[in-house]
Amino acid sequence: MANFEEMAMLFAVNNVEEHQNNFNNAHHERQTRNKEMITDPFKLTDRLFIKNFRLTKEVVKDLIILLSPHLSNSFRSSAIDLNTKVFVTLNFLATGSYQSPIGNSRFMGLSQPSVSRCISEVVTALNLPEIFNAWVKFPKNINELNDIRNGFYRNTGFPGVVGCIDCTHVAITPPSTNLNLNENQHPEYIYVNRKGYHSINVQLICDSNLKILNVNALFPGSTHDTHVWNNSKVLPILQELHRRNYNNFYLLGDSGYALRQWLLTPIPDPSTEAEENYNRRQMSTRSIIERCNGVLKMRFRCLLRDRTLHYKPEKASSIINACVVLHNMCITNNVPMPDGPNIEDLDNLGMVEDQDILADFNRNIDLTLGRQQRNRVIRYLSHRNVI
């Protein structure tokens, strides 16, 4: 009996040791597989690299150098390296996917909280003034204004244009109904736009090459485009130019904006061939900003309506700004568009003539001067057609 009990005990010990060995082997295999999953994105083909991260390899390397002084770099063995932080963020902005699938991709191998921290850190860095203002800037002097005006004239034949302006909506999840100056400065319902979904109303001004000169992503979706423009930092710059008699610089906008010397809009009811010609040329030139909106959202699909940014409004605004910085990097470096179907701006709320707004300015001197400016352009374009 004693021998039997000893044999049974020995058999049990052997089973435990075998089970432990099998567990250790399986754990080692999982670690090996995880290490194999995390491959170097720079080894992708150029086409797949742009598809996943939207920038070329060289531009990403420059971006990593640009961000390196502003991102934390821990010496812990488990710390996330700088390259991974940038790749995680670019992939999120490019696809608009949820954070867990991004972390589980073969390039990352990160948990969802780690992905969230990476995105937050890189987006915050891209919003720093020393980075943001270097890549998104309205002309500061007459020479820079002339360069942009000449670019529009070469590409479109429309004189005097230093930018096209429009607003586009970026969908967000409904914010909290609790007002908090640190987290939510506006009531929840203020973010519901005319299409019935929560959004940020984003104003963009671009040049003839689709480079964004100014972005304002601070206003809730129900805010009228005119109100966003009236609170823009670009408006006083143009007003000051015209006060100093630099009258041949202006933006082009749709009929939702009030006509001014510095912002030319279409004629509501053209009655002559010259006016119809002006409208055609104005709308054709202004379509550049609509293409810019479409290209921005095609590159960074987190901005598309069907993706929806699952962040508080202030964080969503920072993500929009980060996408604009990266968009301008793509334009500057001639980065090709990623493969896929063309995506137009799905959130365009239309060019609706706001007669109530325009009626308030019938006797306004700025409106009168705006009409005179528009009439001069009409005569110029008509004269060119005759020649």
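Residues numbered from 1 in each chain as written. Predicted model: local features only at pLDDT ≥ 70, side-chain atom pairs only at ≥ 80, totals over all residues. Heavy atoms only, no water.

**As for the overall build of the protein chain**
Spelled out, the test is: Helix and strand definitions follow DSSP, with helices as H or I runs of at least four residues and strands as E runs of at least two, each counted in order from the N terminus. Three labels apply to residues, based on accessible area from a 1.4 Å probe with only protein chains included: buried if under 20% of the type maximum, exposed if over 50%, partly exposed otherwise in between. Note on contacts: a residue pair is in contact if any heavy atoms of the two residues lie within 4.5 Å. Shrake-Rupley sampling with a 1.4 Å probe provides the accessible areas, and residues are treated as covered by the protein chains on show and by no other component.
Scanning the protein chain for helices and strands turns up 14 helices and five strands. Within the protein chain, buried positions represent 47% of all 387 residues. Restricting to contacts in the protein chain with at least 6 residues of sequence separation, those with at least 24 account for 71%. In the form shown here, the protein chain has an accessible surface area of approximately 20,200 Å², with 51% of it arising from carbon and sulfur atoms.

**Looking at the nonpolar core**
This is how it is decided: Only buried Ala, Val, Leu, Ile, Met, Phe, Trp, Tyr and Cys residues count toward a nonpolar core, and they belong to the same one when joined by side-chain atoms within 4.5 Å.
Trp229 and Leu309 are the most contacted members of the largest nonpolar core, which totals 95 residues. Per element, the largest residue contribution to this core is 11 residues, and it comes from helix α12 (residues 313-332). Sequence-distant contacts of leucine 309, defined by excluding residues within four places in its chain, comprise Val170, Ala171, Ile172, Thr173, Cys302, Leu303, Ala316, Ile319 and Ile320.

**Let's talk about the pairing of strand β2 (residues 199-206)**
Spelled out, the test is: Two strands form a pair only when DSSP identifies at least two bridges running between them.
Most of β2 is tucked away, with eight of its eight residues classed as buried. Along β2, one buried face is formed by Ser199, Asn201, Gln203 and Ile205 and the opposite face, lined by Ile200, Val202, Leu204 and Cys206, is buried too. Here strand β1 (residues 161-171) pairs with β2 via eight bridges, running antiparallel. Bridge pairing in β2 links isoleucine 165 to isoleucine 205. Where β2 lies against strand β3 (residues 212-220), six bridges are found, and the strand directions are antiparallel. Pairing of cysteine 206 across the sheet is with isoleucine 212, part of β3. Here β2 folds back onto β3 in antiparallel fashion, the turn holding five residues, of which leucine 210 has a positive phi close to 75°.

**Considering helix α6 (residues 112-126)**
The condition that has to hold: How far a helix is expected to stretch is found by multiplying one less than its residue total by 1.5 Å. Of all possible arcs, the one meant is that of the directions from the helix axis to the C-beta atoms.
Taking 1.5 Å as the rise per residue, α6 with 15 residues should run 21 Å; its terminal C-alpha atoms sit 21 Å apart, in good agreement. Taken together, the buried positions of α6 are occupied by Ser114, Val115, Cys118, Ile119, Val122, Val123, Ala125 and Leu126. Projection of α6 onto a plane perpendicular to its axis shows the buried side chains occupying an angular sector of 160°, all on one side.

**Structural notes on the confidence of the model for the protein chain**
Close inspection of predicted coordinates is inappropriate in any region flagged by low pLDDT. Convention followed: Confidence scores here are pLDDT values: one per residue, from the predictor, ranging 0 to 100.
Residue-level pLDDT values for the protein chain average 84, and 77% of them are 70 or greater. For the stretch residues 29-38, pLDDT sits under 50, and the model shows seven contacts to residues farther than four places along the chain or on other chains. Considering only residues more than four positions removed or in separate chains, one finds that residues 343-363, a stretch of pLDDT under 50, has 43 contacts.

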